[in-house]
Structures are given as structure tokens and as C-alpha cells.
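# Chain and residue survey
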Amino acid sequence: MVPAHGLTEAVHIGESDLPFVSTGDGAELQLLQVDLNQGLWVLRTRFPAGHRVNKHYHTGPVFAVTFSGCWYYEEYPDYKNTAGSYLYEPAHSSHTLLVGDEPTDVWFSIYGANVNVDENNNVTGVTDAQSILAAYQGLCEAQGLNCDRLIIKR
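Right, let's walk through the structure included here.

Parameters and conventions
- Once a new chain begins, its residue numbering starts again from 1 and follows that chain's sequence as written.
- Given that the model is predicted, a residue must reach a pLDDT of at least 70 before its local features are reported, and side-chain atom pairs must reach 80 or more before they are shown or counted; all residues, however, enter totals for whole chains, interfaces and linings.
- Excluding hydrogens and water, the side-chain figures rest on all heavy atoms present in the structure.
- Cavity and pocket criteria rest on a 1 Å grid covering protein atoms alone: a 1.4 Å probe that fits but cannot get out defines a cavity, protein on both sides within 12 Å along at least 5 of 7 lines defines an open pocket, and an atom within 4 Å of a point defines a lining residue.
- Grid points are joined across faces, edges and corners, and a volume is the space filled by probe spheres set on the points.
- Elements are defined by DSSP. Helices are runs of H or I of four residues or more, strands are runs of E of two residues or more, and each kind is numbered from the N terminus.
- Amino acids outside the nonpolar list (Ala, Val, Leu, Ile, Met, Phe, Trp, Tyr, Cys, Pro) and the charged list (Asp, Glu, Lys, Arg) are all regarded as polar, and Gly is one of them.
- For every residue, the accessible area (1.4 Å probe, protein chains only) is compared with the maximum for its type, and the residue is labelled buried under 20%, exposed over 50%, or partly exposed between those bounds.
- Pairing between strands requires that DSSP locate at least two bridges from one strand to the other.
- Axis definition: a line fitted to C-alpha atoms, over the contacting stretch in the case of helices. Angles run 0 to 180 degrees between N-to-C directions.
- Each aromatic pair joins two rings of Phe, Tyr and Trp (for Trp, the six-membered one) with centres within 6.5 Å, and gets the label stacked for planes under 30 degrees apart, edge-to-face for over 60, and tilted for any other angle.

### Describing the layout of surface pockets
Taken as a whole, the largest pocket spans an internal volume of roughly 590 Å³. Looking at the largest pocket, it is lined by 28 residues, and the ones nearest its centre are Leu29, Leu43, Phe47, Val53 and Asn114. If one sorts the elements of the lining of the largest pocket by residue count, strand β5 (residues 52-58) sits on top with five residues. Residues belonging to the lining of the largest pocket are distributed by class as follows: 15 nonpolar, 10 polar and three charged. Put simply, the second largest pocket is a space of about 180 Å³. Taken together, Ile13, Gly14, Glu15, Gln30, Leu32, Gln33, Val42, Arg44, Trp107 and Ile151 make up the lining of the second largest pocket. Of all elements in the fold, only β3 (28-35) and β4 (40-47) reach the threshold of two or more residues within the lining of the second largest pocket. Of all the elements, β3 adds the most residues to the lining of the second largest pocket, at three residues. Of the residues contributing to the lining of the second largest pocket, the split by class is five nonpolar, three polar and two charged.

### Regarding unusual backbone geometry
Positive phi, normally seen in glycine, also occurs at His92, with a value near 75°. Residue placement: His92 occurs in the loop between β9 (86-89) and β10 (95-99). Its identity as a non-glycine residue notwithstanding, Asn121 has a phi of 65°, on the positive side. Within the fold, Asn121 resides in the loop between β12 (114-117) and β13 (123-127). For Asn121, a relative accessible area of 47% translates into the label partly exposed.

### Here we look at the sheet that holds β5
Read from one edge of the open sheet, six strands run β8-β7-β10-β5-β12-β13, paired in antiparallel fashion. This sheet does not close on itself; its edge strands, each paired only once, are β8 (76-82) and β13. Here the average twist between neighbouring strands, direction ignored, is 35°.

### Overview of the packing of aromatic side chains
Evaluated as defined, the whole model comprises five aromatic pairs. Judged by centre distance (5.6 Å) and plane angle (40°), the ring pair of Phe63 and Tyr88 falls under tilted. Taken as a pair, Phe63 in strand β6 (residues 62-68) and Tyr88 in strand β9 lie far apart in primary sequence, 25 residues in all. Judged by relative accessible area, which is 46%, Tyr88 ranks as partly exposed.

And the structure:
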């Protein structure tokens, strides 16, 4: 763990300094930074072709940069995020993430919680900075991977 509290110098995290972990649904995530006070979680996700992330909304804003591939929201099929695309998502916009026909690599910065909902908008699950931190650390441990370079602010 790299404690973010009291830092006076920049912290560099190389691409291979933190592992990508399998999430069990074909995707892989690399958690880069968590600020538990601000509810911020920064991660990189590699999605397989054709992947679908169930309908959800965020309680805070989301920022995304696409490195490769293509993804979009089922509710907005004309807006494709491709390599080099930047996306700003305001809090409470509801959407279903769909990946195109090739593997896709995206960086996300998320404030607040990710609230998963079913077809009737009933909450089915919540992910926030605390739970993604616990999940990532648990997945790293289960997969025999080291996540000591993760930046955490408590």
C-alpha cells in the first residue's frame, strides 16, 4: 500500500506495478487509487469483446478514457467510445455498458457509488471505494498477486 496522506512527491505507478485481476465474468480490472474520504476510485478495466455491464447509475461523476476497442451505452447507441475518447458522465445518469466486437481497455475515475439496478430499477448491488478496495485486495490474494503499490488514502 502506498499511503496518499502526507505525500509531498508524485507517485508513479507503472503499467505492470499493479496486477490486473480476473473479475470472474471475463473482464479484468486494475485498481490504481482509492480515496476513502472522497469516495474516489480509479481503475483500469479490460473488457472482452461483447461484454455487458448491467444497468447501473453512479452517485457521483465518472470520467473515462478509452485506450483501445469500442464501448457504448445501450441507451445511447450512437455515441461510441473508441481509442482516445474521453467521456464525462454526470451523477445519476442510468445506463447499460456494452462492449463492441473487440477487447476494450478503459480507464475510469469514479466518485461515489456504482448502483446496479434490474429492469424495474430495483437496486441489486452497490460498489463504492471501500467495497472495490476490499474486492481487489481479496482477488489479488486469491490469485496470488501483489497489490502493494496501490495508492490508498484513508
